[in-house]
Structures are given as structure tokens and as C-alpha cells.
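Residues per chain are reported as follows:
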Amino acid sequence: MSELKSTPLTEWHRSHGARMVPFAGFEMPVQYKNGIQEEVRCVRNEVGLFDLCHMGRLVLTGPDRVAAADRVLSQNVGKLKEGMIRYGLITTPDGTVIDDVLIYKGADEVHVVINASGREADDAWFREQTASFDVEIQNVSDDQAMIALQGPNSKAILPAVCNVDLTALKYYRFTPGKLLDGIDALVSRTGYTGEDGFELFFPKEHATTVWDALLATGHGVQPIGLGARDICRTEAGMPLYGHELSREITPLEAGVMFGVDLEKEFIGRDPLVAMKEAGVPRALIGLNIEGKRVPREGCAVSMNGKAVGIVTSGTFSPTLERPIAMALVSADAATEGLAVEVDVRGRPVGATVDGLPFYSRKRKKSSPGKS
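Description of the structure in this document. (Residues numbered from 1 in each chain as written. Predicted model: local features only at pLDDT ≥ 70, side-chain atom pairs only at ≥ 80, totals over all residues. Heavy atoms only, no water.)

Before going further, it helps to examine the side chain of His-111. Considering the arrangement of structural elements, one finds His-111 in strand S7 (residues 110-114). For His-111, the contacting residues outside a window of four places in its chain are Leu-58, Val-59, Leu-102, Ile-103, Tyr-104 and Leu-186. (Helix = DSSP H or I, 4+ residues; strand = E, 2+ residues; numbered from the N terminus. Contact = heavy atoms within 4.5 Å.)

Dropping the structure here:
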């Protein structure tokens, strides 16, 4: 078994009582002393601080940077204006998903934030597929710190350490700025929780300094582990690679076509066009669970005694005070209000089909199976 990697904040987590677990090849904090449910409430009501240094970051430069990105990514990078951020996917030639990413369009570069599990594989795929382009791909994952500030108080806290005018920074936009009067950074208004918030990118040697400075600002800010992060993204109906997205699931089935532009050419486009024309066989839905039993990934979903799908993510929601789950089901089962059953450890539990997200301050709930 290979040795787990560390982030620039690993020692801080250990010294402050975090319970550390393996995650995507890294040793990461799953929770701190207050516990996962309290951490979720902190993000929803105040503000939480997340170590995202394990995530991958690629920077594309050179004359063909946009064309190269457009070949590999489902989003139309050429249409983005400077300072814009968009969700996109890396798809296989069959139209299934290698990874989901955030794309940052700069003046002279394209930044691509990838999942921790795809650090090496996504980098290699980019280089292989763009070998004929005049583009330089730099993997800055080990050189750059990435942390997130998420929650309703995040806008009040960040100005204490950052010189960016946050009133002018719209959602899914980014800008260069300075942290603590001298640290060069990119500041983006993005997140993975369903709350307003910001993500900061800067040289890794300043990670602990910036982290401590944010915690010292007050307003109820607390460090948040992977456990609460996963609950927040599930409440917000956001997909996680390996659960709602994979090499066996297409963007059409996962309901993330807002990250796909079928009007442009990219690897995997043609099978997606064909699936859209023929009819999408499966859909990602929300499930409102009856009672207190919590479905987990892999639980079977049935309707009238017939298997129709499988739970992709399930948890107890501290925000809603009830169990929730996302499931990938056959298209005929993706109707709001439909009654289904979930097999939870050998016992059938009633549920009704719902749209996503379960909770968000920003997004409206969509109909089941719709992007």
C-alpha cells in the first residue's frame, strides 16, 4: 500500500484534533471535535473553512490553450469571457465521464480544477489528447494551496485578509488579488456546499498563515472536514465523481448538461447527441425517505416490486432533519411524487421521487431527471 500524501495543512489538522482518514491518496480530516452535524450547521448558519489542497489544478498556456481545452472539455471555453468560471466535464469517446471540473478563463491562461482522484490521470489524458496543439500544460497541484470559505458570513470575513472588492465579484467569477497585503492569489466566488462562498488559490508556503488568519477573523468561522463537506454537497444536489458521475454514467443521465455544449466538437460529443435523440435511459433523482433509516450508496431502488435503479449517495441531513438520497433510476421512474422503495440493509423503506437540490440558497429545484 502506497504512503498517503499530505497537504500543506495536514500537520495543522492533526495538532487541532481532527480525525484523519485516507481520501483519494491523501490523509485528510473527516471531522473535528465538534462533530460532523455541528460542522454542517456551521456552514449553513455561519461560515466554514475547508482544506482543498488535495484537489488537482492544471494551467493551460500558449496560442492553442483555448482550442486544446475545447477538444478535451464539454464546456465551450471559447465562448467564456475573461474572469468567468464554468462547470464542465472530461468525457470518454463513449460519452461517459472521466471527471468533472471547473474551468477558469483568464487573459492568457485556462485554469482547470480537477478532482483529487484525477490528479495524474486527467493530466495524462489532457496531454495525450492535445499533443498536436501548441499548448503548455502545467500541473500546479503540488505547488499551490487551495482553501474554501463557505457560508452566509463568508463575505463578511474575507475582506479581513483579502484586498478584492467582493461586491463586484459575481457568482462564478474570479479575479487576481492579494492576501494579507502581499500574497498573490486567485479569488473565486465558487463552492461545493449550496452556500455563498469563495475559493482561494495561492502559493502553498503561505497555507498555514492564511488559514490561521481566516480563523482569527471571528464571525463563527470553524474548520470543516470531509464528512460535513459531503453532506453539504448532497443536500445541495451536487454530483461527486465515483457516485453520480463515472465511466458508466453520461452527463445526460446525471443531469449536468448545463456543463455541456453539444454545438461544438469535443471528445465524446457524438454519442451524447445520439443518446439525446434516442432518449436518455436513466435519470438522476432525489429521494425523500420515509422514517429515519438512511440509505447509502449501492442500495437498490424498486417500484412495484421491480428494480429500477440504485442509490448513488445517501445521508442524514442536519439541515432538513431527515434522511435524503440521490439515485440513478430508469427514465420511467423519474417522475416527481412517484412512490418507490429502497432496500436499506435488507429492509424495504418507502420513498418518493423528488427533484434536486434538496437545499440551496441559490439554485431552484429542477424536475427529476432534468439538468
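Text resumes after the structure shown.
Turning next to the pairing of strand S19 (residues 347-354). Looking at chain direction, strand S14 (residues 282-289) and S19 are connected through 4 bridges and run antiparallel. Bridge assignment links Gly-286 to a residue of S19, and that residue is Asp-354. As paired strands, strand S18 (residues 339-344) and S19 are joined by 6 bridges and run antiparallel to one another. Directly across from Val-342, in S19, lies its bridge partner Val-349. Counted between consecutive antiparallel strands, the loop separating S18 from S19 contains 2 residues, among which Arg-345 sits at a positive phi close to 50°. (Pairing = 2+ DSSP bridges.)

All right, on to the side chain of Arg-189 then. Relative to the helices and strands, Arg-189 resides in the loop between strand S11 (183-188) and strand S12 (197-203). Judged by its relative accessible area of 10%, Arg-189 is buried. At a separation of 2.7 Å, a polar atom in the side chain of Arg-189 contacts the side chain of Asp-196. Setting aside residues up to four positions removed in sequence, Arg-189 forms contacts with Lys-155, Leu-166, Leu-169, Lys-170, Tyr-171, Tyr-172, Arg-173, Asp-196, Gly-197 and Phe-198. (Buried < 20%, exposed > 50% of the residue type's maximum accessible area, 1.4 Å probe, protein only. Polar contact = N/O pair within 3.5 Å; in protein donor to acceptor, adjacent residues only side chain to side chain.)

Right, let's talk about the nonpolar core for a bit. Among the nonpolar cores identified, the biggest contains 35 residues, and Leu-89, Leu-102, Tyr-104, Val-113, Leu-245 and Val-260 are the most heavily contacted of them. Within the residue set of this core, elements represented by two or more residues are helix H2 (36-45), strand S5 (85-91), strand S6 (97-105), strand S9 (144-150), helix H7 (226-235), helix H8 (251-254) and helix H9 (269-278). Excluding residues within four positions of it along the chain, Tyr-104 makes contact with Met-84, Ile-85, Glu-109, Val-110, His-111, Val-113, Phe-174, Ser-188, Thr-190, Glu-199 and Phe-201. By size, the runner-up hydrophobic cluster in this structure holds 30 residues, among which are Tyr-32, Leu-49, Ala-185 and Val-221. (Core = buried A, V, L, I, M, F, W, Y, C linked by side-chain atoms within 4.5 Å.)

This brings us to the pairing of strand S4 (residues 56-61). Within S4, 5 of the 6 residues are buried, which leaves the element mostly enclosed by the surrounding structure. Where S4 and S7 come together, 5 bridges link them in antiparallel fashion. Looking across to S7, one finds that Gly-56 is bridged to Ile-114. Two elements, S4 and strand S8 (residues 136-139), share 4 bridges in a ladder whose sense is antiparallel. Bridge pairing links Thr-61 to Glu-136 in S8.

Turning our eyes to something else, we now look at the packing of aromatic side chains. In total, this model carries 6 aromatic pairs according to the counting rule given. Ring centres of Tyr-87 and Phe-258 lie 5.2 Å apart, and the angle between their planes is 40°; this geometry places the pair in the tilted category. Taken together, the residues Tyr-87 in strand S5 and Phe-258 in the loop between H8 and H9 connect sequence positions 171 residues apart. Taken together, the aromatic side chains of Trp-12, Tyr-32 and Trp-211 make up a single cluster linked through ring pairs. (Phe/Tyr/Trp six-rings, centres within 6.5 Å; stacked < 30°, edge-to-face > 60°.)

Geometry of a packed helix pair, given as the angle between the helix axes and the separation of the axes. At their nearest, the axes of helix H3 (residues 65-72) and helix H4 (residues 119-129) sit 10 Å apart, and the two run at 115° to each other. By the angle between their directions, the pair H3 and H4 is classed as roughly perpendicular. At the point where H3 passes H4, the crossing takes the right-handed sense. Packed against H3, whose contacting residues are Ala-69, Arg-71 and Val-72, the element H4 presents Trp-125, Phe-126 and Gln-129 at the interface. Residue classes in the contact of H3 with H4 are distributed as 4 nonpolar, 1 polar and 1 charged. (Axes fitted to C-alpha atoms, helices over the stretch in contact; angles between N-to-C directions. Parallel < 35°, antiparallel > 145°, perpendicular 65-115°, else oblique. Left-handed = near helix turned anticlockwise from the far one by under 90°. Nonpolar A, V, L, I, M, F, W, Y, C, P; charged D, E, K, R; others polar.)

Sheet strands line up and pair through hydrogen bonds in the backbone, either parallel or antiparallel. Sheet architecture is open: 5 strands sit in the order S5-S6-S7-S4-S8, paired in antiparallel fashion. Here the strands that pair on one side only, and so sit at the sheet edges, are S5 and S8. Here the strands of the sheet are splayed against their neighbours by 30° on average, with no regard to which way each runs. For S6 and S7, the ladder comprises 4 bridges, and the chain directions are antiparallel. Its bridge partner lying in S7, Lys-105 is registered against Val-110.

The next subject is the pattern of salt bridges. Overall, the coordinates contain 17 salt bridges when judged by the stated rule. Residue Asp-123 pairs with Arg-127 through a salt bridge whose shortest N-O separation is 2.5 Å. Of this pair, Asp-123 and Arg-127 both sit in helix H4, 4 residues apart, roughly one helical turn. With a shortest N-O distance of 2.3 Å, Arg-361 and Glu-195 are connected by a salt bridge. Taken as a pair, Arg-361 in the segment after S19 and Glu-195 in the loop between S11 and S12 lie far apart in primary sequence, 166 residues in all. Look at the salt bridges and you will find they share partners, linking Arg-44, Glu-195, Glu-235 and Arg-361 into a network. (Salt bridge = Lys/Arg side-chain N within 4 Å of Asp/Glu carboxyl O.)

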